[in-house]
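The primary structure of each chain is shown beneath.
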Amino acid sequence: MRGGRTGLAIQLVVLFGAALLVAGIAHNVSTNLARLGIKTGFWFLSRPAGFDISQTLIPYSDDSTYFAVFVIALLNTLLVSFLSIALGTALGFVIALARSSANGLVAAAGTLYVETFRNIPLLIQLLFWYFAAMQALPAPRTSFHLGSLIFLNDRGLFIPTLQFGHAFEPMAGAIVAGLALSVLLAAKARRWWAILPCILLPLAAGVYYRADIVWSVPQLQGFNFHGGVTVLPELLALTVGLSMYSASFIAEIIRGGIQAVSHGQIDAAKSLGLTRWQTSRLIVIPLALRVIVPPLGAYYVVVLKNSSLGTAIAYPDLILVFAGTVLNQTAQPIEVMTMTLLTYLALGYAFSLATSAVNRQVRQ
Amino acid sequence: MSAARPQMTQRWQRRVLDFLRSCVSTPFNALLTAAVVALAFWALPGLIHWLLLDAVWSGTSVKDCVGHDGACWIFLRAHAGQLIYGSYPEGQRWRLVAAAVVGLATIAAAGASTRRVGILSTGAMLLAGSIAIGILMVGGVAGLPYVATSLWGGILLTIVIAAWTIVTAPPLGLLLALARQSELPIVSAIAGAFIDTLRGLPLVGLLFLVIVMFPLFVPRGFETDKLMRALLAFTLFNAANFAEVFRGALQAIHRSQIEGGYSLGLPRWRVTALIVVPQVISVSIPGVINICIAIVKETTIVLILGLFDFVGVLQAGIADPDWLASQSVRTTAYVFAALVFWPICFTLSRIGLAIERRQPMTSGSSGASLVN
């Protein structure tokens, strides 16, 4: 037994104390619930919810269940997290390059960006984008536009999209299967042609179902736009704010990785006669990735958690819709909070598993 | 002496020249420089006009701001009392000033005395100061009328939340870190589970949890007010974050330090208190500062719970029908909020960086990835 007899005694006391605390809370919860007349159980999930949600990625109607609400809220959280991670990483990469530039002025501009955005609370940035910037946009009739394809106004961002009609399921299947195959090939073979499946498979499915695929472009009808995809102001503000904030942290992580590659490695590559591009691709990027991947993966979990601040600007995510509206309507606090928080824990765990899988790949 | 001055000038000249040369070293760099300069020339005049030249500096109502494409600074003057004190009764606001003085005096006295009187007396001093501040702010004793925490707001509330968290979370975090690194499997497992669970949750979720569930967790009559519950969530959440920083520092302490303590015949708890903890604290200062920056930024989240912190008061002011008419009011409010928080966070981050650079033994993970 480690720690000897005293150690054992301490552990027993701690265990007893923890058990007492849990038992006390359990007792209080059950008496309080009985007093308030609340019955526990997850049956409420199959009851119809009957309230509106502004953004639903899967079909939703008045008689959809509370479980459907949970799935929709979860998808909304995932959507904004993935968008912000992708955009934040792209922007962060550019800023990291700027900060490590030999050009003093460009480096200073990169520093200015990082120091500005990471030292202002995210919530203030989100409120600014939503209540100040979005509200200052023009009405639909006088939208900002790019050609006659993309429109930006105070109702949101309107972008063209492919509509698959009844070919939706096979197309979605082809895209997912293509992506999965590409990732698998990239992991196994590490050749450029690994990206072919994720292009060819959807293309083949598209050709096969061509009669059904329509290019849908937003068009002004009456007071608003129809067709295409509408990015609501809430999603737009949250994505812009969260990406720009995250980019300032991601830039520092990437810059740290680039700096960690020693000059000796680069000089050695030069003396072997490698070109600049070859040096970057074969020496600098693989070595930098080893340093970048672990903290970057950890930061992606932070982005996921930070997306919950969208609650403040009415973005219908897990916290606002499920832990907020559903909890108030059903009066099932224990079940709703447990589901919400376990979901965040599970997502964070899944992210860290993915990070260590990528890390293993990078270290090979 | 006479040689020093020209040398300085030369060094500066060389720096400036190096900088300018780096801006045009290659055609591509020259192009980038041109782009940055163009961007600055496009953005800066507009910014200066909006913030200063075209801004509204005098007047009393929103009418003075309508039609101006510039900051509406008079909005802030109109809400100054709320922004600083929240809804704290006007006649009692001197108590907050007194509390601030007591707070600063306590910090100064504690900071000056650590070396001489030891950690316990310093702790006692901090505790006495905190109690005095609590009495001044809450009242209900010594002839001071009681002021409910629901009336607290503005910068006052922001400072209360930040100060409370920065005082309460680190000691709890240190205990958790020691427990997690302990050789006793049960203690270590409980501490580990607690830390990982709390760090895996978004703070907003934890705040919702505490607000909704705390009344269910305690016997009837022990439901505290909303602010106390929020403070509890802040303490627990950041204690877990601090615990991770301290763990990094604990792992950086060389085994020989501890064995040296044992070989002197010191018992385990004295080795921990006299050898381990002081080193952990000094090594982890940069990480601790990083978390403190995160705490200052996080205080704004209480807005979501309907508490009127600094940003909450601004948000309420924007929604005030008297000030709705002007678009520039909203932008002014958020720009002002950013101008208040930015210098605090920036200064703290520079201090942290300076300490980190001075330290010979940095554990690498100073908590950069912990900070959101």
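(A) Structural context of the overall build of chain B. Along its length, chain B carries 14 helices and zero strands. Considered along the principal axes of its C-alpha atoms, chain B spans approximately 75 × 65 × 45 Å. Of the contacts made within chain B by residues no fewer than 6 positions apart, 69% connect residues no fewer than 24 positions apart.

(B) Inspection of the overall build of chain A at higher detail. Along its length, chain A carries 11 helices and eight strands. Here chain A holds 364 residues, and 34% of them are scored as buried. Looking at chain A alone, contacts between residues at least 24 apart form 65% of all its contacts between residues at least 6 apart.

(C) Here's a closer look at the domain arrangement of chain A. As far as domains go, chain A holds domain 1 (4-37) and domain 2 (66-150 + 232-363). Taking the mean C-alpha position of each, domain 1 of chain A and domain 2 of chain A sit 40 Å from one another.

(D) Quick peek at the nonpolar core. By size, the foremost hydrophobic cluster in this structure holds 147 residues, and its most contacted members are Val-69, Leu-123, Leu-126 and Leu-127 of chain A. Ranked by residue count, the leading element in this core is helix α7 (residues 233-260) of chain A, at 14 residues. Leu-123 of chain A has contacts with Leu-309 and Ala-312 of chain A together with Thr-300, Ile-301, Leu-303 and Val-311 of chain B, leaving out every residue within four places of it along the chain.

(E) Geometry of helix α1 (residues 4-36) of chain A. All names here are of chain A. Its 33 residues give α1 an end-to-end C-alpha distance of 48 Å, which sits within 8% of 48 Å, the value for a rise of 1.5 Å per residue. Burial analysis of α1 places just one of its 33 residues in the buried class, which makes it a mostly uncovered element. At the C-terminal side of α1, Gly-37 shows a positive phi close to 70 degrees.

(F) Highlighting the pairing of strand β2 (residues 150-153) of chain A. Residue and element names in this part refer to chain A. Going residue by residue along β2, you find Phe-151 and Asn-153 tucked away on one face and Ile-150 and Leu-152 left uncovered on the opposite face. Inspection of the sheet shows strand β1 (residues 144-146) paired to β2 by three bridges, in the antiparallel sense. Residue pairing across strands places Leu-146 opposite Ile-150, the latter belonging to β2. Linking β1 back to β2 in an antiparallel pair, the connection comprises three residues, with Gly-147 at a positive phi of about 60 degrees. Sheet topology note: the β2/strand β3 (residues 156-159) ladder contains three bridges and is antiparallel. Paired with Asn-153 across the bridge in β3 is Gly-156. From the end of β2 to the start of β3, which pair antiparallel, there are two residues.

(G) The arrangement of the interface of chain A and chain B in detail. On the side of chain B, 49 residues touch chain A, which itself brings 52 residues to the contact. At the level of secondary structure, the elements contributing two or more residues to the side of chain A that touches chain B comprise α1, α3 (104-118), α4 (122-133), α9 (276-306), α10 (318-330) and α11 (333-363) of chain A. Top contributing element to the side of chain A that touches chain B by residue count: α1 of chain A, with 11 residues. Of the residues in the side of chain A that touches chain B, the class split is 35 nonpolar, 14 polar and three charged.

(H) Broad picture of the pairing of β3 of chain A. In the sheet, β3 of chain A pairs with strand β8 (residues 229-231) of chain A via three bridges, with the strands oriented antiparallel. Residue Ile-159 of chain A lies in a different strand from β8 of chain A, and its bridge partner there is Val-229 of chain A.

(I) Region of the structure containing the confidence of the model for chain B. Residues and elements named next belong to chain B. On average, chain B scores 85 in pLDDT, and the residues at 70 or more come to 94%. The low-confidence segment residues 362-370, where pLDDT is below 50, has 25 contacts with residues more than four positions distant or belonging to other chains. Scoring the predicted complex yields pTM 0.88 and, for the interface, ipTM 0.89.

(J) Expanded view of the packing of helix α8 (residues 263-271) of chain A against α9 of chain A. Residue and element names in this part refer to chain A. Where α8 contacts α9, the axes come no closer than 10 Å and their chain directions differ by 160 degrees. Taken together, α8 and α9 sit at an angle that is classed as roughly antiparallel. α9 is crossed by α8, and the crossing has right-handed handedness. Together, Gln-265, Ile-266, Ala-269 and Lys-270 of α8 and Thr-279, Ile-283, Val-284 and Leu-287 of α9 make up the contact between the two elements. Its residues assigned to classes, the contact of α8 with α9 comprises five nonpolar, two polar and one charged.

(K) The arrangement of the sheet that holds β1 of chain A in detail. All names here are of chain A. Read from one edge of the open sheet, four strands run β1-β2-β3-β8, paired in antiparallel fashion. The sheet is open, and its two edges are formed by β1 and β8, each paired on a single side. Mean inter-strand twist for the sheet, computed between neighbouring axes without regard to direction, equals 15 degrees.

(L) Expanded view of unusual backbone geometry. All names here are of chain A. The residue Ala-314 is not glycine, and still its phi comes out positive at about 65 degrees. Along the chain, Ala-314 turns up in the loop between α9 and α10. Judged by the 15 C-beta atoms lying within 10 Å of it, Ala-314 is partly exposed. Positive phi is not limited to glycine here, since Ala-331 has a value of about 55 degrees.

Reading guide: rules and limits
Counting starts from 1 at the beginning of each chain's written sequence and moves along it residue by residue. Chain labels run from A onward and ligand labels from 1 onward, assigned in the order the entries are written. For a predicted model such as this one, the threshold for reporting local features is a pLDDT of at least 70, and the threshold for listing and counting side-chain atom pairs is 80 or more; totals across whole chains, interfaces and linings nevertheless cover every residue. By definition, any uninterrupted DSSP run of H or I lasting at least four residues is a helix, any uninterrupted run of E lasting at least two residues is a strand, and each is numbered from the N terminus. For every residue pair, C-beta atoms are placed from the backbone, and the pair is scored as a contact if these atoms sit within 7 Å. Any residue with 12 or fewer other C-beta atoms within 10 Å of its own C-beta is exposed, any with 20 or more is buried, and the rest are partly exposed; the C-beta atoms used are placed from the backbone. The source of the domain bounds is an automatic or database domain assignment. In these notes, a nonpolar core means any group of buried Ala, Val, Leu, Ile, Met, Phe, Trp, Tyr and Cys residues linked to one another through C-beta atoms within 7 Å. For a helix, the expected span equals 1.5 Å multiplied by the number of residues minus one. Criterion used throughout: strands pair if DSSP finds at least two bridges between them. Amino acids outside the nonpolar list (Ala, Val, Leu, Ile, Met, Phe, Trp, Tyr, Cys, Pro) and the charged list (Asp, Glu, Lys, Arg) are all regarded as polar, and Gly is one of them. A residue's pLDDT is simply how confident the predictor is in it, with values from 0 to 100. A fitted line through C-alpha atoms serves as each axis, taken over the contacting stretch for helices, and the angle formed by two N-to-C directions is quoted from 0 to 180°. Angle categories are assigned with fixed cut-offs, so that under 35 degrees is roughly parallel, over 145 is roughly antiparallel, 65 to 115 is roughly perpendicular, and the rest are oblique. Helix crossings are classified by the rotation of the near helix relative to the far one: an anticlockwise turn of less than a right angle makes the crossing left-handed, while a clockwise turn makes it right-handed.

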